[in-house]
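Structural characterization, general
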Amino acid sequence: VSQQVLEQVLSELQPLCTSEQQFLQEFFCLGCDSVELQALEVRVSTVSSPGPSPSLAHPWEEATTQLLSEIFSCLEPELRAFLDVCNKVHPLGCLQVLVTLSDSVCGTWGPSSAPSSSFLHTLLGSVLLLAKSNFNKCIGTLCKEMEEARTASRTRGGILPCVCRFQELLASFEEVFQTSQRRGELDKAQLRLASSVFSSINSLPSANLKVNTDMVMMENFHHIHNFLCQRNIPCLEGKKREAKQRSREHMEKYITTYLGQPLERLKHFFEGVKARLAQGVKEEEVSFQLAYSKQELRKVIEKYPGKEVKRALETLYRTIHKHLSPEENLLPVVWQAMEQGFIRQYREFEELIQRCYAGAGIALDFTMEDLLSYFNSITMSN
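Residues numbered from 1 in each chain as written. Predicted model: local features only at pLDDT ≥ 70, side-chain atom pairs only at ≥ 80, totals over all residues. Heavy atoms only, no water.

Describing the nonpolar core
Here is the rule: Here, nonpolar core refers to any group of buried Ala, Val, Leu, Ile, Met, Phe, Trp, Tyr and Cys residues whose side-chain atoms link them within 4.5 Å. To sort residues, take the accessible area from a 1.4 Å probe on protein chains only and compare it with the maximum for the residue type: under 20% means buried, over 50% means exposed, and anything in between is partly exposed. Helical segments are the DSSP runs of H or I of at least four residues, strand segments are the runs of E of at least two, and each set is numbered from the N terminus. Here a residue-residue contact requires only that any non-hydrogen atoms of the pair lie within 4.5 Å.
The biggest cluster of nonpolar side chains holds 58 residues, and the ones touching the most others in it are Leu101, Leu193 and Ile224. Breaking this core down by element, the ones donating at least two residues are helix 1 (2-27), helix 4 (75-89), helix 5 (93-108), helix 6 (118-147), helix 7 (161-177), helix 8 (184-202) and helix 9 (213-231). Here the element with the most residues in this core is helix 6; it accounts for 14 residues. Setting aside residues no more than four positions away along its own chain, leucine 101 makes contact with Leu10, Leu83, Leu124, Val127, Leu128 and Ala131. Counting 49 residues, the second-largest nonpolar core is a separate cluster that includes Met215, Val300, Met338 and Leu371.

Written as structure tokens, this is what we have:
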């Protein structure tokens, strides 16, 4: 409602100011080197007015503008007071005011505008600066709220409140600005909000949550990326790419953390083998190291028959399911990435056996085909 009132006020101001200026020019015979103009010049030079006082090219323009400033001396204070009311009535009233004023100034300010509107241009320009200041303060407050938002330690993960708030704000901004040609202030505000919500997500590891923070961060960055893909906001293209990259990074960190659990002792054994190789031990001499002998390797392999590996993978699947929220439906994506990680790990184990234990007849209890069938079986049964 306040926006409609402001639009109506602005739409009526221009013809009012124009008609008043025409009257002044005709009544005082302004626009020529007249005695009246000279008298007015002396008068305006001695009168100080709180209204606009632009630097104009012609004395008659300056005289007319000065008279209009005196006649409409209450106009700027009233407009500023109305802006304050708009800001209080609606949480994003400053946004609506900014758009309305910007469009009004754009519609009347330019090389094609008549000199008769110079007073109004200056007045609206002054009020527009206030609207921009109010809008920037509002965005600063919203950014601070998102950055300082505290996530409850008992949260079950999922999409964070600050991310939901970010979506709501961007949707509201786009709706208000959809008919506006001036998006400079909006673009700056959206970038500030995006940086704040990213900062809020990045602070999760220090929040001592009882959930896996990498998984929560992955889901929230993934959610932001999908949202920005749907919205197609040009100024946030960089943030959209960053969200996608951050989501991928946290998924990789999660997979790295949990990849070794089903084959933990095997993983530790072969990490020791790789460490010996890095220290300069020759491949054919690794098996003569007491802790990495053929006998020790066989003992470790015996701990992981095929059935045990499948059971461990089923446990891992349930763990991933527990860590993920249902909103994003990322379980298939994470499980597939985990499968690819296991395949790489299996191939690394086989390669190290062939390099360091060649001819010993040692092999893992399960094959690549077995591993793929375990993953496929778990996927199909869930």
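Description of the confidence of the model for the chain
Using the following cut-off: Within a predicted model, pLDDT stands for the predictor's per-residue confidence, ranging from 0 to 100.
Overall, the prediction assigns the chain a mean pLDDT of 83, with 83% of residues at 70 or greater. Counting interchain partners and residues more than four positions distant, the pLDDT-below-50 stretch residues 44-57 has 20 contacts. Confidence drops under a pLDDT of 50 for residues 108-116, and excluding neighbours within four residues, the segment shows 12 contacts in the predicted structure.

Some words on the layout of surface pockets
We apply this condition: Site definitions follow a grid-based scheme: protein atoms alone, a 1 Å grid, a 1.4 Å probe that fits but cannot get out for cavities, and for pockets an open set with protein on both sides within 12 Å along at least five of seven lines, plus lining residues having an atom within 4 Å of a point. Grid points are joined across faces, edges and corners, and a volume is the space filled by probe spheres set on the points. Throughout, the ten residues Ala, Val, Leu, Ile, Met, Phe, Trp, Tyr, Cys and Pro are labelled nonpolar, Asp, Glu, Lys and Arg are labelled charged, and all others, Gly among them, are labelled polar. Just so you know, the domain bounds were taken from an automatic or database domain assignment.
Here the second largest pocket defines a volume of roughly 270 Å³. Ile255, Thr256, Leu259, Arg344 and Gln345 are the residues nearest the centre of the second largest pocket, which is lined by 15 residues in total. Put simply, the parts of the chain that give the lining of the second largest pocket at least two residues each are helix 10 (237-259), helix 11 (264-278) and helix 14 (331-356). At six residues, the largest contribution of residues to the lining of the second largest pocket is made by helix 10. For the lining of the second largest pocket, the residue count by class is six nonpolar, two polar and seven charged. Residue contributions to the lining of the second largest pocket reach at least three from each of two domains, namely domain 2 (150-255) and domain 3 (261-381).

Some details on the packing of aromatic side chains
The condition is simple: A pair of aromatic rings is counted whenever rings of Phe, Tyr or Trp (Trp by its six-membered ring) have centres within 6.5 Å, and the orientation is called stacked for planes under 30 degrees apart, edge-to-face for over 60 and tilted otherwise.
Enumeration according to the criterion identifies 11 aromatic pairs in this entry. Here the aromatic rings of phenylalanine 270 and phenylalanine 349 are separated by 4.7 Å at their centres, their planes lie at 20°, and the arrangement is stacked. In this pair, phenylalanine 270 is assigned in helix 11 and phenylalanine 349 in helix 14, connecting sequence segments 79 residues apart. Its relative accessible area of 1% is what places phenylalanine 270 among the buried residues. We classify phenylalanine 349 as buried; its relative accessible area is 2%. Measuring from ring centre to ring centre gives 5.5 Å for tyrosine 346 and phenylalanine 366, while their planes differ by 50°; the resulting arrangement is tilted. Residue tyrosine 346 is found in helix 14, and its partner phenylalanine 366 is found in the loop between helix 14 and helix 15 (368-380); the two are separated by 20 residues along the sequence. When its relative accessible area of 2% is taken as the criterion, phenylalanine 366 is described as buried. Taken together, Phe269, Phe270, Tyr292 and Phe349 form an aromatic cluster joined through their ring pairs.

Some points on the packing of helix 9 against helix 10
Selection rule: Simply put, an axis is a line fit to the C-alpha atoms, just over the touching stretch for a helix, and the angle between two N-to-C directions goes from 0 to 180 degrees. Working definition: roughly parallel below 35 degrees, roughly antiparallel above 145 degrees, roughly perpendicular at 65 to 115 degrees, and oblique for all remaining angles. Rotating anticlockwise by less than a right angle from the far helix to the near helix defines a left-handed crossing, while the corresponding clockwise rotation defines a right-handed one.
As a packed pair, helix 9 and helix 10 sit with axes 8 Å apart at the nearest point and diverge in direction by 155°. Taken together, the axes of helix 9 and helix 10 lie roughly antiparallel to each other. Along this stretch, helix 9 crosses helix 10, giving a crossing that reads as left-handed. Each of Asp214, Met215, Met217, Met218, Phe221, His222, Ile224, His225, Leu228 and Cys229 in helix 9 lies in contact with helix 10, whose residues at this interface are Lys239, Lys240, Ala243, Lys244, Arg246, Ser247, His250, Met251, Lys253 and Tyr254. Across the contact of helix 9 with helix 10, the residue classes tally to 10 nonpolar, four polar and six charged.

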